[in-house]
Amino acid sequence: MTIAEEAESRGLHRVGARPTLGNYLKQTWERREFIYELAKARVQSQNQRNRLGMVWVVLKPTLNALMYGFIFGVLQGANKPHDFPVFVVIGVFLFEFFTSSMNGGAKSITGNTALVQSLSFPRLTLPVAQVTQNFLTLMPMVVVMFIYAMILGTTPKWSWFIIIPLIALFTVFNMGVALICARITVHVRDFTNILPLVGRVLFYTSGVLFSAERLLSHWPWMVTVFEFHPLYQTLSIARGLIMNNSPYDPSAWWVVAVWAVCTLVVGLLYFWKAEERYGRAN
């Protein structure tokens, strides 16, 4: 029997060793209060650093919606979607949640090197805390999004409450993306320099500012591709739930749900496999 086997038989485990997936998830769940408190503290710290505090959280996507809405509204002309101002507000506000989760998740390990190297805990808690932080930031943004929709002439309706399960699925999807980006960044530090470009490309190609059915009507195969686009379908459902006379295909729920579950499973397994490497991050 080797020394390692002898130690294992007596309940001694190698420092930084990767636990089984079940134990890994259990350990992370046991730290759920820490995850929430860490996320809440970071939101408060972020607001204190900004002179405008929480106002800036809403002001940033508002300014983006005004700027991009004006530019792309002019460029699209007659092809712009129905009720375009509300269309853009919904797209920009929800897409902000995705990009902040992707970018923040990518830095969740490498940006906390001292914590990762000095304490023993499941590293999964860090990207989960990051997405939780972004979720807490999203809540006031959603409220303001509804207010903007009413100001712009949208009639409140009961379907607005269905945005809750949609945001839940969107959060699951963003969690998977954050986990994947977190591990990639550990291996390739320059990945964080590429992510802003990736986010910008997705911003322009995910239907944040256009309707594929209207703008790409002459290319049916491209419209079909967008029917399986997770971000596009998430925004389509949100607009269908909030806007007046903006129907959507109910099958979009299946597209979003399948993408969310598959992305989380892949992201979790991919992140967990490299657990032993995170302690050696430098």
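Everything below is about the structure shown above.
Note that this is a predicted model, so its numbers are computed, not measured.

Student: Lay out the overall build of the chain in plain terms, naming residues and giving numbers.
Tutor: Within the chain one finds 14 helices and 0 strands. The N-to-C order of helical and strand elements in the chain reads α-α-α-α-α-α-α-α-α-α-α-α-α-α. Sequence separation of at least 24 residues holds for 80% of the intrachain contacts in the chain that already meet a minimum separation of 6.

Student: Give me the lowdown on the side chain of Asn 134, citing residues and values where you can.
Tutor: Looking at where Asn 134 falls in the secondary structure, it is placed in helix α7 (residues 125-151). Setting aside its immediate chain neighbours within four residues, Asn 134 contacts Phe 97, Ser 100 and Ser 101.

Student: Describe unusual backbone geometry, and please don't skip the residues or the numbers.
Tutor: In the Ramachandran plot, Asp 83 falls in the positive-phi region, its phi being about 55° despite a non-glycine side chain. Summarising the element assignment, Asp 83 is placed in the loop between α4 (54-76) and α5 (84-106).

Student: Mind laying out the environment of Leu 268, listing which residues take part and the relevant values?
Tutor: Within the secondary structure, Leu 268 is located in helix α13 (residues 252-273). The class for Leu 268 is buried, based on a relative accessible area of 16%. Note: C-alpha distance between Leu 268 and Leu 25 (243 residues apart in sequence) is 9.6 Å. Once residues within four sequence positions are removed from consideration, Leu 268 is found in contact with Leu 21, Leu 25, Leu 124 and Leu 179.

Student: So what about the packing of α5 against helix α12 (residues 230-242)? Which residues, and what values?
Tutor: In the contact formed by α5 and α12, the axes pass within 10 Å of each other and the chain directions differ by 135°. For the element pair α5 / α12, the angle class is oblique. Crossing of α5 over α12 shows right-handed handedness. Along its contact with α5, which presents Phe 87, Ile 90, Gly 91, Leu 94, Phe 95 and Phe 98, the element α12 presents Leu 231, Leu 235, Ala 238, Arg 239 and Ile 242.

Student: Please provide a residue-by-residue account of the packing of α7 against helix α8 (residues 163-187), values included.
Tutor: Where α7 contacts α8, the axes come no closer than 10 Å and their chain directions differ by 145°. Crossing of α7 over α8 shows right-handed handedness. Of the residues in α8, those touching α7 at Pro 127, Val 128, Val 131, Phe 135, Leu 138, Val 142 and Phe 146 are Ile 163, Ile 167, Thr 171, Asn 174, Met 175, Ala 178 and Leu 179. Within the contact of α7 with α8, the residues separate by chemical class into 12 nonpolar, 2 polar and no charged.

Student: An account of the environment of Tyr 248 is needed here, citing residue identities and associated values.
Tutor: Within the secondary structure layout, Tyr 248 lies in the loop between α12 and α13. Take Tyr 248: its relative accessible area is 26%, and that puts it in the partly exposed class. Linking Tyr 248 and Gln 233, residues 15 residues apart in sequence, is a C-alpha distance of 9.0 Å. Excluding anything up to four places from it in sequence, Tyr 248 contacts Ser 236, Ile 237, Gly 240, Leu 241 and Trp 253. Within polar-contact distance, the side chain of Tyr 248 engages the side chain of Trp 253 at 3.0 Å.

Student: Describe in detail the nonpolar core, supporting the description with residues and values.
Tutor: Within the largest apolar cluster, 48 residues are counted, with the highest numbers of intra-cluster contacts made by Ile 90, Leu 94, Phe 98, Met 145, Ile 163 and Ile 242. Looking at this core, the elements with two or more residues in it are α4, α5, α7, α8, α9 (191-205), α12 and α13. Among the nonpolar cores identified, the runner-up in size contains 21 residues, and Leu 124, Val 131, Ala 182 and Val 186 belong to it.

Student: Any details on the side chain of Glu 96? Residues and values, ideally.
Tutor: You can see Glu 96 is positioned in helix α5. Glu 96 has contacts with Lys 60, Asn 64 and Met 141, leaving out every residue within four places of it along the chain.

Student: Now, about α7: what can you tell me, with residues and values included?
Tutor: Taking 1.5 Å per residue as the helical rise, α7 with its 27 residues ought to reach 39 Å, and the 39 Å between its terminal C-alpha atoms agrees with that figure. The sharpest bend along α7 reaches about 25° and sits at Met 139, with the proline Pro 140 one to four residues further on.

Student: With reference to specific residues and values, describe the environment of Pro 85.
Tutor: Along the chain, the position of Pro 85 falls in helix α5. Classification of Pro 85 by relative accessible area gives partly exposed; the value is 43%.

Student: Give me the packing of aromatic side chains: which residues, what numbers.
Tutor: Under the definition given, this model contains 13 aromatic pairs. Aromatic pair Phe 203 and Tyr 204: ring centres 5.4 Å apart, planes at 75°, arrangement edge-to-face. The exposure class assigned to Tyr 204 is partly exposed, which follows from its relative accessible area of 35%. Members of the aromatic cluster, each reached through a chain of ring pairs, are Phe 95, Phe 98, Phe 173, Phe 203, Tyr 204 and Trp 259. For the cation-ring pair, Arg 183 lies above Tyr 270, with the distance from its terminal atom to the ring centre recorded as 4.2 Å.

How each quantity is defined
Residues numbered from 1 in each chain as written. Predicted model: local features only at pLDDT ≥ 70, side-chain atom pairs only at ≥ 80, totals over all residues. Heavy atoms only, no water. Helix = DSSP H or I, 4+ residues; strand = E, 2+ residues; numbered from the N terminus. Contact = heavy atoms within 4.5 Å. Buried < 20%, exposed > 50% of the residue type's maximum accessible area, 1.4 Å probe, protein only. Axes fitted to C-alpha atoms, helices over the stretch in contact; angles between N-to-C directions. Parallel < 35°, antiparallel > 145°, perpendicular 65-115°, else oblique. Left-handed = near helix turned anticlockwise from the far one by under 90°. Nonpolar A, V, L, I, M, F, W, Y, C, P; charged D, E, K, R; others polar. Polar contact = N/O pair within 3.5 Å; in protein donor to acceptor, adjacent residues only side chain to side chain. Core = buried A, V, L, I, M, F, W, Y, C linked by side-chain atoms within 4.5 Å. Expected span 1.5 Å × (residues − 1). Bend = angle between axes of the 7 residues up to and from the residue. Phe/Tyr/Trp six-rings, centres within 6.5 Å; stacked < 30°, edge-to-face > 60°. Lys NZ or Arg CZ within 6 Å of the ring centre and 35° of its normal.

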